[in-house]
Structure formats: C-alpha cells, structure tokens
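Okay, here's what each chain looks like letter by letter:
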Amino acid sequence: MDDLFLLLLSTLDSTLRVSAPLVLCAMAGIFSERSGIIDISLEGKLLAAAFAAAAVAAVSGSAFVGLGAAIVTSVLMALLHGFACITHRGNQVVSGLAINILASGLTVTLGGAWFHKGGQTPTLSGDARFSPISLPGSDFLAEIPFLGTIYVELISGHNLLVYIAFLAVPITWWVLYKTRFGLRLRAVGENPQAVDTAGISVTFLRYRSVIIAGILCGIAGAYLSTGQNAAFGKEMSAGQGYIALAAMIFGKWKPVPGLLACMLFGFLDAMAVRLQGVALPGIGEIPVQFMQALPYVLTVILLAGFIGKAIAPKAIGRPYVKER
Amino acid sequence: MSSPSKALPAWIDVGVIPLINILLAFFVSGIVILIIGEDPIEAVKIVVYGAFGNDYNIGYTLHYTTNFIFTGLAVAVAFHASLFNIGGEGQAYIGGLGVGLLCLALDQYVPFWIILPLAIAASGLFGAAWAYVPAYLQAYRGSHIVITTIMFNFIAFSLMNYILVNVLIEPGQMSPESRDFLTSAQMPTMQEAVGWFGIEIEKSPLNLSILLALFSCTFVWLFIWHTRWGYAIRMFGFNENAANYSGINTQRLVVGTMCLSGVLAGFVGINEIMGNHNRVMLDFVAGAGFTGIAVALMGRNHPVGIIIASLLFGTLYQGGAELSFEIPTIQGEMVKAIQGLVILFCGALAYMSRPTIERIFTAIVESNGTAKEQTNG
C-alpha cells in the first residue's frame, strides 16, 4: 500500500513538472485569444524563449538573467505577431505559423553559430539553473504520516518557475474576471465595435494582451531550458506549445478548466513514461504512441462537440477595422 | 488575408508587391547571416551553385521542388475555399503509408505498370482520408479546420511511429523501416528515363513523379478556373453566404475541397516512397507540408506561381544543404528560418508595403497627368 501511495505521489509529482510549461502557455493563449488574437505561435515563443534563457544563462551564469532574456525574446516575438495581426491586419494563423517556423530555424542557426554544438547550448550548472526549493517546514512536517509525505514529496521541492506557473492560474482568473482591464479584454474578444464605441483603443488593448502572452511564454521557455533541463536542445519544445493550445481549447478558453486540462495532459504524459512495457490486467500493453496522441484525439473529440461545446471568443481571428 | 483597399494595376498587385515581399524576406535572412558573422553574398553564390552546379545537384533541387509543388497545390486548393489546411504534413505522411502498403502487398505479384496507377490512387486516397475527418468536423460539427488539422498532424506522427515500430519493421532490423520494395514497385529515376532516349545524367533522387506534379498543376488550373466546381469553390471562398444562397451545398463543398487538398498532399508519398526511398520510413515528409504553406502564399495560390515558388524552395533546400557543408557555422536550419520569414512577409505582412506603393504609384500617375496637361495646354 505504501509503495502504491509513493508511486502515485511520484506520478503526480512528475505531472506537476510536465504540466508547468503547459499551464503557462495555456494562460498565455487565454490572454491572447480572449482578446481576439489567435495564438498558434505559443510553440514558437516557447522555443525561442527556451533558447534565449539557456544561451544567456550560459554566458552570464545567472538563471535570472536568462529568465529576463527569455521574457524579452518571447515578448519581441509576441510584438511581431501583434504587428502583423493587429497593425497590418494579417492572417493570424499565417503569422503564428511563420513565428513557429522562424523560431525553429533561428534558434538552431544562432545556437550553432554561437556555441558550435550543432544548435545545442552548453550544459548549465549551479546558479545558471533554477534549482529545487525546499518549502519551509519540510524537515519537521516530513514526520507527519500522510499529509506530511504529500507536502514533502509532492508540493515541496520544485523550482521557482513551477510555483510561478501554478500561481499564474489564479492571477489570470483574477485579472480576467475581477479587473476592469480583464472585462475590457474579454469584451474586445467578443465585440470590438462596442469597446471602440466606449472610447477604448482596441489596438492598445490587444497589444497589451499579446505582450502578457509573451511574458508567460517566456517564463515557460526559461523553465524548459534552465529548470526542467540543463541546456537548450534542438526542437526542445517538441510540440508542447501545441499541447498547451489544445489544453486551452479543451478548457474552453477559461483559466481553471484550462489548468485542469493541462494537468490531465501532463498526467497522460507522466503515465506514458511509467506504463511503457507494462501490461495492464485485461487491457494488455498500451502503446506509448497512443498515450502521446491522446491529448490531440481528446481535443478533436471535444471540438467535434461530443464532450460539451467549446465556444471560441466571437471576434477571434477577425482583424478589427475601425469604421470610417 | 485583408483585401486590397484601392485599385492598383494588376501587374503591381501580382508582380511588384510579391517581389518586394520576397526581397524583404531575403534581406532579413541576409542580416541573420551577417549577425552570425558570415558573408551573405558568398552564401548566395554557394546556394546557387549547390542547387544548379551540376546535373546531380539539379536533380536534388527538382526532387524537392516536386514535393513542394504537391503540398503547395494542396494548400492553395483549400485556400481558394478560404480553408486553411495546415495538415499537409500529416496527409502527405499518411499518403506515403498508402503507397507503402500497396507496394509491399503487390510488388511480388504484378508488374510496374499495374502498381503505378494503384499506388497513385492509394496515395491520394490515404491523403484524402486524413483530410476527410477534419473536413467533416468543420462542415458538419462546426469545429475549426486549423486546429483539427494541427491535431491530425500530431496524430499522424504517432500513428506512423506505431505502425513502423510495431508492424512494418523488417524483422531483425533495429531502425523502424519496412523492407525495400522490389523493382516492380520502384518509380523510374530521371536517370533511367532520359537513358531511354540515349541521354546520360548522374543518378539523383529525381524521378518521374515530377511529371505527376506538372500534370497536377495543369489539373488544378483547369479545375479551379475552368469548371463549375472550381467556380463554386472560389465563390465559397469569397463569400460563404452568397455561395450558400446560390444553392451550393457548402458542407459537401468543404469536404470535397479538403479531400482534393489531401489527395494532392498525399502524392508526396509517390515522390518520396516510390521514387526515392523505396521503403516506408519515419519522417520522410521532412517538413514539406509546412513548406507548402510558404509556397502557396508566395505563389498566390496559382499553379504558375506555385511552380516558381517551389523551384525557389527546392533551390533553398538543396543549396542550403550544400551551404551548411561549405560553411559549417551556417546550420541547415537556416533554410527553415528563411521559410519562416517568407511566410511572414508574403503571408501575414503581405499588404504591409501596399500603402507606400500606392502613394508612389499615385504620385507617378499624377505627375504624368500634369505633365501631359502642360504639353496639351
């Protein structure tokens, strides 16, 4: 029983670690898409930020400087997306795709030229990484049988960025539903004309939304290369930006359901690793590829309207043209 | 894509503006090469020589071009119905599976001239099937085609991974690949084909699939601009409500257009599986589906434009490979960055330069007008 409990805890523990970048990216997607800007460029921003964080952390020796670089890089890409979609009213999907492909090409090109490791960055250690934090009281709380173990094994011992990721959810919720900015942001994603009529700049509001999305993706990128791993590797985001996009849709563009979707997809990922080569009673061995495809399959089924209905913000994808 | 605001002559809209966009993309790429401390002019020379220096290199360039024509046409056909098919990558992958299964099943029993039409049909059918589900969901269940085709790309990767690792793998082999096809299921290479006429060239992956690509271009041109179905597709793309009101079954049109798109993407399987690798393997599409988006945007969804754009990307892929060989600081991924920039400038920022051009053009026309008035008066 104890073994099973510990196995469960360690699975949940890796669920938290796997879903942290998904949560950040999903919140980023919520900010962008609730304001009416489709954001398939989560993947590109995540990858570019991961590269910037690892490259700068390797040179400066500080994980925090790396984090700053990641955020700056990601925000610049978000601004490029905004420039194309908001200022020039370009196709938002095309722009997002361009950013994804650009990021995937540029990171390896620049990394290869700067570090001569075929696109990889040098391995980070010490202060150049975000290391696990022991939350206060872990020492004596470990003595308490059930809750103490949960506290020590599951909640304590992650790096700073994981905690930021999970804090981002209540903050996103609060900003979206309890502030004036959030109300306007949601309004501009549903009916930009109304917001414009009220004398609020649609352009400025949408730019702020994509910048927030950039910041969140930047943190997620830094987590990938300086928290979860100790270097940047070619294509290291490996579709996580798209999984986050799927999770955001699965969560119906809402923060808390979005979080749950990320945790579900993270859990599937953690299980996929543990179930590899294990035959389940009555089912047999589940192919790892099936587990990998499951988030996408679930999202397709959801979008087809078989699990409730996912309704996108009304004005999403449509550039706003001020009436003359 | 935003619509032009004021009328400019067609040659500016179809000629000058796309040219400016592509030059902007190359200009920024040049800056990137400068940043990593290499000489852009030198790089261009190596790329051009690497792509066209000898018949072996030309063969590679045209082989890539063939792929991009297929995926470019696939994206373009969907674009005409204002559907954005990001799923070309997955459809091409599954199309290749269709070709592979057919060749593996029949190559011991029947000759090439029976296998070929069946393989073309199989690639198209499998590609279309992979496009059918997202199309059906868009048309009848209201889910968004962009998201579902993205999801289907990933599902295709997992599916192919499973099939190759667990089913098609040659017993006793480590790498997840099927057995090699017999010669009856191998597309003649261009070397063999021109050899029939007594011309000698070096062996390269270029094969007769390029004829299928050119045929597909002609077909798409006739279909989109010279048939009722093509007219319906363009009308739907222009105004969904008008198409609906004029009695077109728009749901069937969405499904049909996407299936045609999937067929075209699936043909990549013919070029790569039957023409080049002669076995089913992992990741043989290698991003051609995404390049197709850049090709379609740059070629403005017209077969002639698509051929030109495909040739350009074929040049970049082959020349880029040579480039990273000659100058090791420049990674092969540089081509991807250029591709991203082309999509950005020719797609998302397509009309960025338009207001400026418009101003210049009006200024020129007006000054000509006043000049004429003065000479007349």
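In the nomenclature of an unreviewed UniProt entry, chain B is known as Sugar ABC transporter permease of Kiloniella spongiae. The heading Subcellular location (unreviewed entry) in the UniProt record of chain B holds the text "Cell membrane".

Looking now at the overall build of chain A. Helix and strand counts for chain A come out as 13 helices and 2 strands. Radius of gyration (C-alpha) of chain A: 20 Å, near the 20 Å computed for a compact globule of 324 residues. For chain A, the spread of C-alpha atoms along the three principal axes comes to 70 × 50 × 40 Å. Scored against the burial criterion, the 324 residues of chain A give a buried share of 52%.

What follows is about the overall build of chain B. When you go through chain B residue by residue, the secondary structure sums to 16 helices and 0 strands. Scaling as 2.2 N^0.38, a compact globule of 377 residues should have a C-alpha radius of gyration of about 21 Å, and chain B matches this with 23 Å. A principal-axis box enclosing the C-alpha atoms of chain B has dimensions of 85 × 55 × 40 Å. Buried residues in chain B amount to 49% of all 377 residues.

Further remarks concern the environment of Glu170(B). All names here are of chain B. In this structure, Glu-170 sits in the loop between helix H6 (145–168) and helix H7 (190–195). Note on Glu-170: 13 C-beta atoms within 10 Å, which makes it partly exposed. Spatially, the C-alpha atom of Glu-170 lies 9.2 Å from that of Asp-180, the residues being 10 residues apart in sequence.

When the terminal C-alpha atoms of helix H5 (residues 112–141) of chain B are compared, their 42 Å separation across 30 residues agrees well with the 44 Å that a helix rising 1.5 Å per residue should span. The largest bend along H5(B) measures about 30° and falls at Tyr132(B), with the proline Pro134(B) one to four residues further on.

In this section: the interface of chain A and chain B. Contacts between chain A and chain B engage 37 residues on the former and 42 residues on the latter. Taken together, the elements giving at least two residues each to the side of chain A that touches chain B come down to helix H4 (92–115), helix H11 (240–250) and helix H13 (288–303) of chain A. Here the element with the most residues in the side of chain A that touches chain B is H4(A); it accounts for 15 residues. Classifying every residue of the side of chain A that touches chain B by side-chain character gives 22 nonpolar, 14 polar and 1 charged.

Moving on, we get to the confidence of the model for chain B. Residue and element names in this part refer to chain B. When the pLDDT values of chain B are averaged, the result is 90; 96% of them are 70 or greater. Taken together, the stretch residues 1–5 has pLDDT below 50 and engages in 7 contacts with residues farther than four places along the chain or on a different chain. Of the two predicted TM-score estimates for the complex, the pTM is 0.89 and the ipTM is 0.89.

Core analysis: the biggest nonpolar cluster contains 207 residues, and Val23(A), Leu24(A), Ala53(A), Leu216(A), Ile219(A), Ala247(A) and Ile343(B) have the highest contact counts within it. Not counting residues up to four positions away in its chain, the partners in contact with Leu24(A) are Ala165(A), Ala168(A), Leu216(A), Cys217(A), Ile219(A) and Ala220(A). Counting 7 residues, the second-largest nonpolar core is a separate cluster that includes Leu176(A), Val188(A), Val202(A) and Leu205(A).

Here we take up the packing of helix H8 (residues 180–190) of chain A against helix H10 (residues 202–228) of chain A. Residue and element names in this part refer to chain A. In the contact formed by H8 and H10, the axes pass within 10 Å of each other and the chain directions differ by 110°. Relative to H10, H8 is oriented roughly perpendicular. Contacts from Arg-184, Leu-185 and Val-188 in H8 reach Val-202, Leu-205, Arg-206 and Ser-209 in H10. Residue composition of the contact of H8 with H10, by class: 4 nonpolar, 1 polar and 2 charged.

What counts, and where the lines are drawn
- Within each chain, residues carry numbers counting from 1 in the order of the written sequence.
- Each chain takes a letter, starting from A, and each ligand takes a number, starting from 1, following the order in which they are written.
- For a predicted model such as this one, the threshold for reporting local features is a pLDDT of at least 70, and the threshold for listing and counting side-chain atom pairs is 80 or more; totals across whole chains, interfaces and linings nevertheless cover every residue.
- UniProt positions are given in the numbering used here, feature names are shortened, and annotations may be inferred rather than shown by experiment.
- Strands here are runs of E lasting at least two residues and helices are runs of H or I lasting at least four, both read from the DSSP assignment and numbered beginning at the N terminus.
- For this measure, only C-alpha atoms enter the radius of gyration; the expected value for a globule follows 2.2 Å times N^0.38, where N is the number of residues.
- Any residue with 12 or fewer other C-beta atoms within 10 Å of its own C-beta is exposed, any with 20 or more is buried, and the rest are partly exposed; the C-beta atoms used are placed from the backbone.
- Helix span is expected to be 1.5 Å times the residue number reduced by one.
- We define the bend at each residue as the angle formed by axes fitted to the 7 residues ending at it and the 7 residues starting at it.
- Two residues qualify as a contact pair if the distance between their C-beta atoms, derived from the backbone, is within 7 Å.
- Polarity classes work like this: nonpolar for Ala, Val, Leu, Ile, Met, Phe, Trp, Tyr, Cys and Pro, charged for Asp, Glu, Lys and Arg, and polar for all others, with Gly in that last group.
- The pLDDT score gives, residue by residue, the confidence of the prediction method on a 0 to 100 scale.
- By our criterion, buried Ala, Val, Leu, Ile, Met, Phe, Trp, Tyr and Cys residues that link up through C-beta atoms within 7 Å make up a nonpolar core.
- Angles here are taken between N-to-C directions and fall from 0 to 180 degrees, while the axes themselves are lines fitted to C-alpha atoms, restricted in helices to the stretch in contact.
- Every angle not falling under 35 degrees, over 145, or within 65 to 115 is termed oblique; those three ranges are roughly parallel, roughly antiparallel and roughly perpendicular.

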